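Single-letter residue listing:
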Amino acid sequence: MTKQAMYLRMVTAALKNRKSRVAIALLALVLGIGVISGLLSVYSDITLKMSKELRSYGANLVLVPAQQQEGSTLESAKLNRMLEQVPQEKTIGYSPYLYGIVTGNKQRFVAVGVDFSGIQKVSPYWSLDGAWPSENNQIVVGSALAEKLELKVGQKLNITAEETGKTESLQVVGMVTTGSTEDYQVFLELNKAQVLLGKEGQIHTAYLSVMGNSAELITLAETISQAEPGIKANPIQQIARSEGVILEKIRTLVYLVVIVILASTLLCVSTTMMAMVMERRREIGLRKALGATNRAIAGEFLGESALLGITGGVLGSLVGWGIAQVIGLSVFKAYITLRPSVLMAVIILSVLVAWVAVIMPVRTAANIEPALVLKGE
Amino acid sequence: MFWRMLKKSFSKGLKGKLLAVVTIAFGASLASSMLNISLDIGDKVNRELKTYGANILVEPRVETVPLNIGGVEYNPLQGQSFLEEESLSSLKTIFWANNILSFTPYLEQPATTGNQDTVLVGTWFNKEITTPAGEKVVTGAVSLKAWWKVNGQWAEDSSENQAMVGAELAKKTGIKPGDNVKVLVNTPSGRREQALKVTGVFDSGSGDDRKVFVPLALIQKLQGTSGKVSKVEVSALTTPENELARRAAKDPKSLSSEEYERWYCTAYVGAITYQIEEILPGVRANAIRQVAESEGLILGKIQLLMLLLTAAALLSAALGISSLMTTKVLERSKEIGLLKALGAEGWQVVVLFVAESVISGIIGGILGYLMGLGFAQVIGQAVFGSGLSIKIMVLPIVLTLSVGVALMGSLSAIRMLVNLRPAEVLHGR
């Protein structure tokens, strides 16, 4: 039998013969590493997931005509061309806005032409009573205005544009509450608004909701402003800034928790390993009496714990993957991406933990006096 | 005899016990700090989210429909109704007064400087007001607009000509902090020039960057509207909305009296606006959904995340403790064998070990709770820059947890040992 084969045999036998002990250490390692790998996966994904959540705040980029005089407009064709500049996967949504003053039910109010499907993405905070329009002649009315006009969902509203004098008969299908100026406005499909207000192919502004931190937002705004000289992009940085702050805090918290759990796993594995060494004092004493060097004994323990560490790491990352998905699905309603880098890191970490845990016990083992132990303490 | 054995086991086997107690204390401290954090995180993150700006807008109830397009008012009749500046201090007397972090009034006046059109916004910067209860409160833009990056100094409320200029306007006109500028305003008594001393340039990252902020009294003097304000922004700590809050938002009268009580006494943004409308007659207090809704959503997510993190930490602490207890009991198989050989019944052995683990659990739990308080403070300082409030309810939870886990860990091992044959154990396998 070669030396290596003997070593291997001793290491596996040592683990096999102490099933309950090994099971405890392994369980501790698997769960500890599992929780850590789950948290690390969440940690590396959290920026992306959380900034998506933070987009619930609404638009963070406003496009306006570069020459801002009263009533100046943009061509919507130009806008569409420009939107191709913004990376698809970064865009949450956008909606053009065309304003005009109209009258209806003897009141003057503001009518806004929008893209309803875009609005729902840009402003998820709009609280809608009723339904979003599905046809061209359906509109959404601000709740405060609806109260003033004594309008109910399902009723008809005739509105006349002040500048063009054109009149349209429209059906109210929804009422919106935002607590802001929208409560006093009427929203209709952009094409309809352009005809009504006599501004075919034009818009006043466009609101975009894109992912990205403060710096990325500024860069994007500059790119847009340069690509289309007629358009100026204003980032709404207020939100981007606080997003950064909040994300940083959450990341620090997760980080701290990972460290604490690492310490508790280490402690747990280490006590179990210690108990294992104490139990085997006689065996160690015997081997030393037979001529085993301290190095050989330490080597065996390290081998044992490495085996434990690798098994724990592999099983732990499986458990961790499950934990990450539980967190991802319940908190963000989305799966967390599995990262090979996290997997590798976790398995290495697991072996390291097992090794560090065995340092103290190995010292004890090395100091065992064969004669004393074999005699019976 | 039982007590004597118990005492001996703690005095003689102190070293072995110490490890168990320390491990339990460590686990318990982890549990108690995480619980403390997750109970307090809502409040902390809520304060962080205040950078989103005010979440309640208070305006006078008006008959006309505002014609506001992109922040510019096209209705000449709009802005002619006012709130009394004096009445604002009563905002601090509503049921949820402590949740109102800050508020500030506004009064606007269009103006021109250089060749740029702008708006002068009269506001409080750092104003000390006295509530009807006689309490002194400092509030204003300095606390409400905490996220502004100010180059220079904040203006002072007592001065009549200090001003803060928005970054975008400052860039266009070349105004720098310390400059003296003249603005043209149309007042009821004709067009006049007003000299302003720029104390600071602010970057708010929003439309405010095109405006000039001045002390409220200056605008009141220019317009001849002394003691009046046109709107008030309020920043309040709120609870995320639930089904009850949504129903109440539609019509508070639809709630049963018990539900109404619960709604009124919870810091929903709807309950707070309702209370503001009660105390300031003739106003419309609106929850700014853009802010309120996002805050609620994010807060909910973070609380849930924290809860899961706490659960994970608890799991790992519990496992650590229970595996240690198992190890500790297994180590004493000889002692158990001897006890049995001397005629001890299985249950007597169990009682002894249970008592030992309960004592270890309690000592470790209390130590851990105290350590956990320290940890929570450290984490609170590191992450949020302020200590966490101490929640007494954490103590019983942590104690139950540490005793329960210690018991669980030792019981499984004891069960194994009770069934062992004394002869085998004593012989040494």
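Our subject is the structure that appears above.
Anyway, here's the lowdown on the structure attached to this text. (Residues numbered from 1 in each chain as written. Chains lettered and ligands numbered in written order. Predicted model: local features only at pLDDT ≥ 70, side-chain atom pairs only at ≥ 80, totals over all residues. Heavy atoms only, no water.)

**What about the overall build of chain B?**
In step 1: Of regular secondary structure, chain B possesses 13 helices and 16 strands.
In step 2: Against the 2.2 N^0.38 benchmark of 22 Å for 429 residues, chain B shows a C-alpha radius of gyration of 32 Å, more extended than a compact globule.
In step 3: In terms of overall dimensions, chain B has C-alpha extents of about 110 × 50 × 40 Å along its principal axes.
In step 4: Taken over 429 residues, chain B has a buried fraction of 52%.
In step 5: Expressed as a percentage of contacts within chain B between residues at least 6 apart in sequence, the contacts between residues at least 24 apart total 74%. (Helix = DSSP H or I, 4+ residues; strand = E, 2+ residues; numbered from the N terminus. Rg over C-alpha atoms; globule rule 2.2 N^0.38 Å. Buried < 20%, exposed > 50% of the residue type's maximum accessible area, 1.4 Å probe, protein only. Contact = heavy atoms within 4.5 Å.)

**Some details on the pairing of strand β8 (residues 167-177) of chain A**
All names here are of chain A.
In step 1: Across four bridges, the pairing between strand β5 (residues 127-130) and β8 is antiparallel. Within β8, the position partnered with Ser127 by the bridge is Thr177.
In step 2: In the sheet, strand β7 (residues 156-161) pairs with β8 via five bridges, with the strands oriented antiparallel. Pairing of Asn158 across the sheet is with Ser169, part of β8.
In step 3: If you look at the hairpin formed by β7 and β8, you'll find five residues sitting between the two strands, and Gly165 has a positive phi there, around 80°. (Pairing = 2+ DSSP bridges.)

**Details of the interface of chain B and chain A**
In step 1: Taken together, the 65 residues of chain B in the interface contact 70 residues of chain A.
In step 2: When the two sides are added together, the surface that chain B and chain A hide from each other amounts to roughly 5900 Å², 69% of it contributed by carbon and sulfur.
In step 3: Here chain B is connected to chain A by one salt bridge.
In step 4: The residue Asp183 of chain A makes a salt bridge to Arg284 of chain B at a minimum N-O spacing of 3.8 Å.
In step 5: Counting every contact that joins chain B to chain A gives three residue pairs in polar contact (both at pLDDT 80 or more).
In step 6: Of all the secondary structure elements, the ones that give two or more residues to the side of chain B that touches chain A are α2 (14-48), β2 (68-69), β16 (283-287), α9 (289-331) and α11 (346-384) of chain B.
In step 7: Ranked by residues supplied to the side of chain B that touches chain A, first place goes to α9 of chain B with 27 residues.
In step 8: Looking at the side of chain B that touches chain A residue by residue, the class counts come to 36 nonpolar, 17 polar and 12 charged. (Buried area = accessible area lost by both parts, 1.4 Å probe. Salt bridge = Lys/Arg side-chain N within 4 Å of Asp/Glu carboxyl O. Polar contact = N/O pair within 3.5 Å; in protein donor to acceptor, adjacent residues only side chain to side chain. Nonpolar A, V, L, I, M, F, W, Y, C, P; charged D, E, K, R; others polar.)

**A look at the pattern of salt bridges**
Between side chains of opposite charge, a pair can form when the charged atoms approach closely.
Residue and element names in this part refer to chain B.
In step 1: Applying the stated criterion across every chain, the model contains 15 salt bridges over all chains.
In step 2: In this structure, Arg247 and Glu259 form a salt bridge, with 2.8 Å as the shortest nitrogen-oxygen distance. Placement of Arg247 in helix α6 (residues 243-250) and of Glu259 in helix α7 (residues 257-264) is noted, with a sequence separation of 12 residues between them.
In step 3: Assessed through its relative accessible area of 35%, Arg247 is described here as partly exposed.
In step 4: One network of salt bridges, with partners in common, ties together Lys145, Asp208, Lys211 and Glu233.

**Some points on the environment of Gln116 of chain B**
Residues and elements named next belong to chain B.
In step 1: In this fold, Gln116 is placed in strand β6 (residues 116-123).
In step 2: On the accessibility criterion, Gln116 (22% relative accessible area) is partly exposed.
In step 3: Residues Gln116 and Ala285, 169 residues apart in the sequence, show an inter-C-alpha distance of 33 Å.
In step 4: Discounting chain neighbours no more than four positions away, the residues touching Gln116 are Ala111, Leu169, Lys172 and Thr173.

Nothing here speaks to function; it is geometry throughout.
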